[in-house]
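Each chain, written out:
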Amino acid sequence: MDGTVDTVYKGNVETLRRRIPIDHLTTKENFLAEREKVFRRSWLMVGYTSDLPESGSYLVREVPTLNASIILVRGEDGEIRAFHNVCTHRGNKLVMDEAGCRRSFACRFHGWAFGTDGTVDLITDEQQFRDLDKSLLNLKPVHIDIWQGHIFANFNETPHETLAEWLGPIWSEYDGYFDQHQVAVTRRVETNCNWNLAINAFTEGYHTLYIHGGSVPDYQGGRSNPNRHRPFMEMFERHLRYSAPSNPNHVVTPAEEVAWRYGKPCLPAFDGNMEGMPVGVNPGRAENWAFDVMQIFPNSLILYGNYWHIEMTFWPIDEDHTLITGGNYVYPAQNLGERLSQDWTLSRGRFVLREDLSTLEAQHAALKSGVLTHIQLSQQEIALQHHYRVLSDMLSADQGEEKKL
Amino acid sequence: MSDKFFSENFADLERFAPDWVIGGIVERQRKRADSELATVRQFFEDLFPEIDRIITYLNTVPMDAMGGEDKNLYWLVVTWNEMSHPIDLKWEETDETWSFPFDRIQLWERAPTD
């Protein structure tokens, strides 16, 4: 029986625009406005607590959007802190490597050293400094907070909201979910593409029948939902999430059958078992649920299903280039058979990712040409409508309104 | 030092080494993309009957105590996974040449012992 699925929408659909102006999107002026009014005012996902397992563990995160380099470090007291990766003496980059474990950070330039709490511990040849006020010379902190193991940074001098306020209902709806998974692979890719186009490519399911026809031909939708309508979409004040439909009529292929014989079905296949799942997972409790996609505005995505999740963060380098970072996370394997099963899903997923990335640079070039002044969005692309509404609201906010942001 | 890739119990698999024992994630993708479909299909079909025997054995190996020969078996199956997709998906090529180039994506894969 051919059929369809009517999407259940939750949140404010009243003020969405379906025809979106995009002719300004790739201008330098727009990028600079996004940088100051969106990225500098937002909580941004920069790391994971699991990357900092012990006192002294640190990692360096480059944040190209804000020309920043930050150190995330777990102090001797167990607290995770963040600092600008800048020696307070003359501004040299303090930590040159990407990660490790140290009790202090010494600058190569003149040997100044800082503790894991940011305190300046050593000023070499200190007597030669006149009128020294060491309280001014500690590392410059960056505001951070943690949600379910995800470290978020806020580069505003004084954040106008806590992370809990920023995330809203999301804050309390995923207790324990992400802790079930371990990192399997991390990735980094630079595209010659505006960041909005890049993140938009991952927040609608309309494209899956077409661009993913080669790599995942029949995992979603099926006879009861041939156009793969998303069963549930929810818009928050800034963020959004939606559920994707599985295909109960999916035909398992030979190598895939081997993978599921030795491990649990992960992307591209799906296990819709909801036992023990927190309320944020499949929030509409859709039948034939495959996985959810959540955009944490402005630039992070989490795709999550049973036994796995994927994280992606889109960092605008400028108006024409985007750095995409992230990783795949899976259930802890108990044996090598499960590891090999997971490898099969990860290797199939690489084709899916490449397909998603394949359109970006051509789209960007078309935008730069000025041929299109608007894009026309369907109800299945409502996440993009919401993205541009939130973006527009933040860009148009003046200083007085900023407090709301 | 032995020049064998696998232990005595898997000596019959030596015919797949070293070509199909590939530990690097980019190298595996390159091997697939650079190979003829008929070559990939031949490897996929030749190793398929041995997969259960290999994984059944690997499931007895502690993940934190893999020897070199065990790792070679592991990478053989991982390479088979990589080669399985164009066959499972009934492609006419071994790569989607129109898609985003795989070597533009930097990947860091956990070790099998992690």
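For the structure itself, consult the block above.
These numbers were taken from a predicted model, which means no experiment stands behind them.

**Comments concerning the packing of aromatic side chains**
Here is step 1 of the chain: Tallying each qualifying case throughout the model produces 26 aromatic pairs over all chains.
Here is step 2 of the chain: Between B:Phe16 and B:Phe43 the ring centres are 5.6 Å apart and the planes differ by 75 degrees, which places this aromatic pair in the edge-to-face class. In this pair, B:Phe16 is assigned in the segment before α1 (25-34) and B:Phe43 in helix α2 (residues 37-47), connecting sequence segments 27 residues apart. Each member of the pair B:Phe16 and B:Phe43 is classed as buried.
Here is step 3 of the chain: An angle of 80 degrees between the planes, with centres 5.2 Å apart, marks the rings of B:Tyr74 and B:Trp75 as edge-to-face.
Here is step 4 of the chain: For B:Tyr74, a relative accessible area of 4% translates into the label buried.
Here is step 5 of the chain: We classify B:Trp75 as buried; its relative accessible area is 16%.
Here is step 6 of the chain: Feature note: the residues A:Trp147, A:Phe152, A:Tyr174, A:Tyr177, A:Phe178 and A:Tyr304 constitute an aromatic cluster, connected by ring pairs.
Here is step 7 of the chain: Of note, A:Lys264 hangs over the ring of A:Tyr331, and the distance from its end group to the ring centre comes to 4.9 Å.
Here is step 8 of the chain: Lying across the ring of B:Trp20, B:Lys31 places its NZ or CZ 4.6 Å from the centre.

**Details of the layout of surface pockets**
Here is step 1 of the chain: The space that makes up the largest pocket amounts to roughly 960 Å³.
Here is step 2 of the chain: Looking at the largest pocket, it is lined by 30 residues, and the ones nearest its centre are A:Asp51, A:Arg61, A:Glu98, A:Thr186 and B:Trp108.
Here is step 3 of the chain: A total of 6 residues in the lining of the largest pocket trace back to one element, the largest contributor, which is strand β13 (residues 182-191) of chain A.
Here is step 4 of the chain: Taken together, the residues of the lining of the largest pocket sort by class into 14 nonpolar, 7 polar and 9 charged.
Here is step 5 of the chain: The calculated volume of the second largest pocket comes to roughly 400 Å³.
Here is step 6 of the chain: A:Ala201, A:Glu204, A:Thr359, A:Gln363 and A:Glu381 are, among the 20 residues lining the second largest pocket, the residues nearest its centre.
Here is step 7 of the chain: Counting only elements with at least two residues in the lining of the second largest pocket, the list comes to α3 (195-200), α5 (336-357), α6 (360-369) and β20 (374-376) of chain A.
Here is step 8 of the chain: When its residues are assigned to classes, the lining of the second largest pocket shows 11 nonpolar, 5 polar and 4 charged.

**Describing the nonpolar core**
Among soluble globular proteins, nonpolar side chains are generally buried collectively.
Here is step 1 of the chain: Counting residues in each nonpolar core, the largest one holds 137 residues, and the members touching the most others are A:Trp147, A:Phe155, A:Leu357, B:Leu13, B:Leu47, B:Ile54 and B:Leu76.
Here is step 2 of the chain: No other element matches the 9 residues that helix α4 (residues 68-88) of chain B contributes to this core.
Here is step 3 of the chain: Setting aside chain neighbours within four positions, we find A:Trp147 in contact with A:Phe152, A:Leu163, A:Leu167, A:Ile170, A:Trp171, A:Tyr174, A:Phe178, A:Met294, A:Ile296 and A:Ile302.
Here is step 4 of the chain: Core analysis: the next-biggest nonpolar cluster, separate from the first, contains 16 residues, A:Tyr58, A:Phe105, A:Trp112 and A:Leu139 among them.

**Side note on α1(B)**
Residues that lie three or four places apart on an α-helix share one face, since the helix turns once every 3.6 residues.
Here is step 1 of the chain: Taken together, the buried positions of α1(B) are B:Ile25, B:Val26, B:Arg28, B:Gln29 and B:Arg32. The buried residues of α1(B) occupy an angular sector of 160 degrees when projected down its axis, which confines them to one face.
Here is step 2 of the chain: Taken together, the buried residues of α1(B) touch β13 and α5 of chain A together with α2, α4 and β1 (106-109) of chain B.

How each quantity is defined
Residues numbered from 1 in each chain as written. Chains lettered and ligands numbered in written order. Predicted model: local features only at pLDDT ≥ 70, side-chain atom pairs only at ≥ 80, totals over all residues. Heavy atoms only, no water. Phe/Tyr/Trp six-rings, centres within 6.5 Å; stacked < 30°, edge-to-face > 60°. Helix = DSSP H or I, 4+ residues; strand = E, 2+ residues; numbered from the N terminus. Buried < 20%, exposed > 50% of the residue type's maximum accessible area, 1.4 Å probe, protein only. Lys NZ or Arg CZ within 6 Å of the ring centre and 35° of its normal. 1 Å grid on protein atoms, 1.4 Å probe; cavity = no way out; pocket = protein on both sides within 12 Å on 5 of 7 lines; lining within 4 Å. Points joined across faces, edges and corners; volume = space filled by probe spheres on them. Nonpolar A, V, L, I, M, F, W, Y, C, P; charged D, E, K, R; others polar. Core = buried A, V, L, I, M, F, W, Y, C linked by side-chain atoms within 4.5 Å. Contact = heavy atoms within 4.5 Å. Arc of directions from axis to C-beta.

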